[in-house]
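# Per-entry structural report
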Amino acid sequence: MSIEIMLNAAGLAFIVAGSRWQQPDGQVMFLFILAMAAAEVSVGLAVVLRLFQHFGSLDSDRASEMKG
Amino acid sequence: MQIAFYIAAGVALFATVMTITRINAVHALLYLVVSLLAVAVAFFTLGAPMMAALEVIIYAGAIMTLFIFVMMLLNASEQVIEAERRWLAPGIWTGPAILAAILIVEVAYLGWGAAGARTGPPIGPKEIGIALYGPYAIGVELASMLLLAGLVGAYHLGRRKWPRPEVGDDINTGERRAYFSGDAVRAGDRRSAGAPERAVPIDVHRDHA
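Here goes a summary of the coordinates provided. Treat the numbers as computed from the prediction; the structure is a model and nothing was measured. (Residues numbered from 1 in each chain as written. Chains lettered and ligands numbered in written order. Predicted model: local features only at pLDDT ≥ 70, side-chain atom pairs only at ≥ 80, totals over all residues. Heavy atoms only, no water.)

### A short note on the overall build of chain B
- The helix and strand inventory of chain B stands at 7 helices and 2 strands.
- Secondary structure elements of chain B, listed N to C terminal, follow the sequence α-α-α-α-α-α-α-β-β.
- Counting every position in chain B, which comprises 209 residues, the buried fraction comes to 36%.
- Of the contacts formed within chain B by residues at least 6 apart in sequence, a portion of 69% connects residues at least 24 apart.
- When the accessible surface of chain B is split by element, carbon and sulfur atoms take 68% of a total near 12100 Å². (Helix = DSSP H or I, 4+ residues; strand = E, 2+ residues; numbered from the N terminus. Buried < 20%, exposed > 50% of the residue type's maximum accessible area, 1.4 Å probe, protein only. Contact = heavy atoms within 4.5 Å. Areas by Shrake-Rupley, 256 points an atom, 1.4 Å probe, with all protein chains shown as cover.)

Written out as structure tokens, the structure reads:
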């Protein structure tokens with residue numbers, strides 16, 4: 001969730017910059033950030049689901065060993 | 001016009017602070033959705049109406065929905081369902097609803113074509129489309145490849161019949177145990193964080209059907 005906040009904040013900075021210089025580049029950059037956030041969220045949540053299925057809880061300290 | 005931007009920014013800031021300070025994950029998600037909507041209104045005031053619409057549709061509409069679904073998948077145990085009933089009590093909705101009402105009033109006040117009065121005319125979809133087909137064509141292709149990679153990765157990671165290692169793989173007992181404490185994301189009233197309530201031995205052959 002915090003990653004989404006950070007990506008959104010960076011996108012807001014891009015839009016503001018594009019608006020200040022009246023160029024569409026800022027919005028194009030935000031579009032790419034949007035696509036990247038979507039891909040990252042899907043893969044990240046899939047990883048979280050796998051971790052939960054394996055360890056039974058979302059305590060990330062459980063995943064401290066390499067094997068199994 | 002400037003006051004509209006500051007109102008939207010204030011709502012976004014407040015909603016984000018509420019997001020990161022909530023213990024309950026579903027409350028945090030609600031406030032995050034409000035924060036994204038507020039940032040979309042800020043885009044609208046900055047003269048980026050297409051990005052405002054895309055933020056609402058894709059970010060708040062698809063990505064946050066994915067988050068909420070996964071959160072509900074993770075908490076689908078019996079102990080948590082009755083906790084969820086407490087989460088979704090009507091009183092919980094008042095905070096995000098008030099913030100969203102502020103945003104609705106603001107958007108209605110702005111009207112549909114009065115954006116960008118501060119920094120010039122709004123940059124509509126036409127200019128963005130020209131930029132995407134022109135200088136940023138390579139970026140579009142790369143984004144499509146990234147989405148393909150994300151799709152394949154998410155599908156592979158989300159498969160049901162995951163090939164499990166043999167039973168004798170565990171170093172201690174040769175039997176795998178899953179410490180399922182009942183809720184993966186804190187329900188808000190847990191005293192001991194992370195302590196296993198009961199150890200459930202998982203059947204290795206259950207998912208192999």
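### Description of the overall build of chain A
- The helix and strand tally for chain A stands at 2 helices and 0 strands.
- Put simply, chain A has 68 residues, and 41% of those count as buried.
- Counting only carbon and sulfur atoms, one obtains 68% of the accessible surface of chain A, whose full area is about 3500 Å².

### Some words on the interface of chain B and chain A
- Facing the 56 residues of chain B at the interface are 44 residues of chain A.
- In total, about 4400 Å² of surface goes out of reach between chain B and chain A, with carbon and sulfur atoms giving 74% of it.
- Contact with chain A buries area across many residues of chain B, yet B:Y59, B:I123 and B:L157 alone supply 13% of it, more than any other trio.
- At the surface where chain B touches chain A, the tally comes to 0 salt bridges.
- Scanning the region where chain B abuts chain A turns up 5 residue pairs in polar contact (both at pLDDT 80 or more). (Buried area = accessible area lost by both parts, 1.4 Å probe. Salt bridge = Lys/Arg side-chain N within 4 Å of Asp/Glu carboxyl O. Polar contact = N/O pair within 3.5 Å; in protein donor to acceptor, adjacent residues only side chain to side chain.)

### Focus on helix 2 (residues 25–45) of chain B
All names here are of chain B.
- With 21 residues, helix 2 extends 30 Å between its outermost C-alpha atoms, agreeing within 8% with the 30 Å of an ideal straight helix rising 1.5 Å per residue.
- Among the 21 residues that make up helix 2, 20 are buried, leaving the element largely enclosed by the rest of the structure.
- Positive backbone phi, at 90 degrees, marks G47, one or two positions downstream of helix 2. (Expected span 1.5 Å × (residues − 1).)

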